[in-house]
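Survey of secondary and tertiary structure
Take a look at the letters that make up each chain.
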Amino acid sequence: MRRGEVWAIKRAGREHLVVIVGHDTLTEARTGVLSVPLSDVRASTLIEPALWLDDDTPAGVALTPRVGEVTKDYFSECRGKLRDDSLSSLDIALRAALDL
């Protein structure tokens, strides 16, 4: 599990996509993963940017105000890694949403 990867998580019988945003060392050391949920129905904004995978497929819209920790047990499958420009957009959105 690495920063910028998009993963499917399964909770309460439903599957959702998230992007990992925590530092790789922190992710490795903890039982939870700092992540941002993705939406496939939300319109993108400055703090909720549209993201794309390395293979140029859409990953979804990052719901950055909902950043949080998800237990590793819920992670089921890595769906790919974000393009560099998408990771930069996500970084900007996180800084804006968290007032950093």
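Notes on the structure follow.

**As for the nonpolar core**
One finds Val6, Val19, Leu38, Leu51, Ala59, Leu82 and Leu90 to be the most contacted residues of the largest nonpolar core, which totals 13 residues. Looking at this core, the elements with two or more residues in it are β3 (32–39), β5 (58–62) and α2 (84–98). With 3 residues, the single largest contributor to this core is α2. Among the nonpolar cores identified, the runner-up in size contains 7 residues, and Ile9, Ile20, Val33 and Val70 belong to it.

**With respect to the packing of aromatic side chains**
The geometry of an aromatic ring pair comes down to the distance between the two centres and the angle between the two planes. Scanning the entire structure with this criterion turns up 1 aromatic pair. Plain terms: the ring middles of Trp7 and Phe75 are 5.8 Å apart, the flat faces sit at 70 degrees to each other, and that makes the pair edge-to-face. Placement of the pair is Trp7 in strand β1 (residues 5–11) and Phe75 in strand β7 (residues 75–81), with a sequence separation of 68 residues. Neither residue differs from the other here; Trp7 and Phe75 are each classed as buried. Above the face of the Tyr74 ring, Arg11 is positioned so that its terminal group lies 5.5 Å from the ring centre.

Basis of the calculations
Residues numbered from 1 in each chain as written. Predicted model: local features only at pLDDT ≥ 70, side-chain atom pairs only at ≥ 80, totals over all residues. Heavy atoms only, no water. Core = buried A, V, L, I, M, F, W, Y, C linked by side-chain atoms within 4.5 Å. Buried < 20%, exposed > 50% of the residue type's maximum accessible area, 1.4 Å probe, protein only. Helix = DSSP H or I, 4+ residues; strand = E, 2+ residues; numbered from the N terminus. Phe/Tyr/Trp six-rings, centres within 6.5 Å; stacked < 30°, edge-to-face > 60°. Lys NZ or Arg CZ within 6 Å of the ring centre and 35° of its normal.

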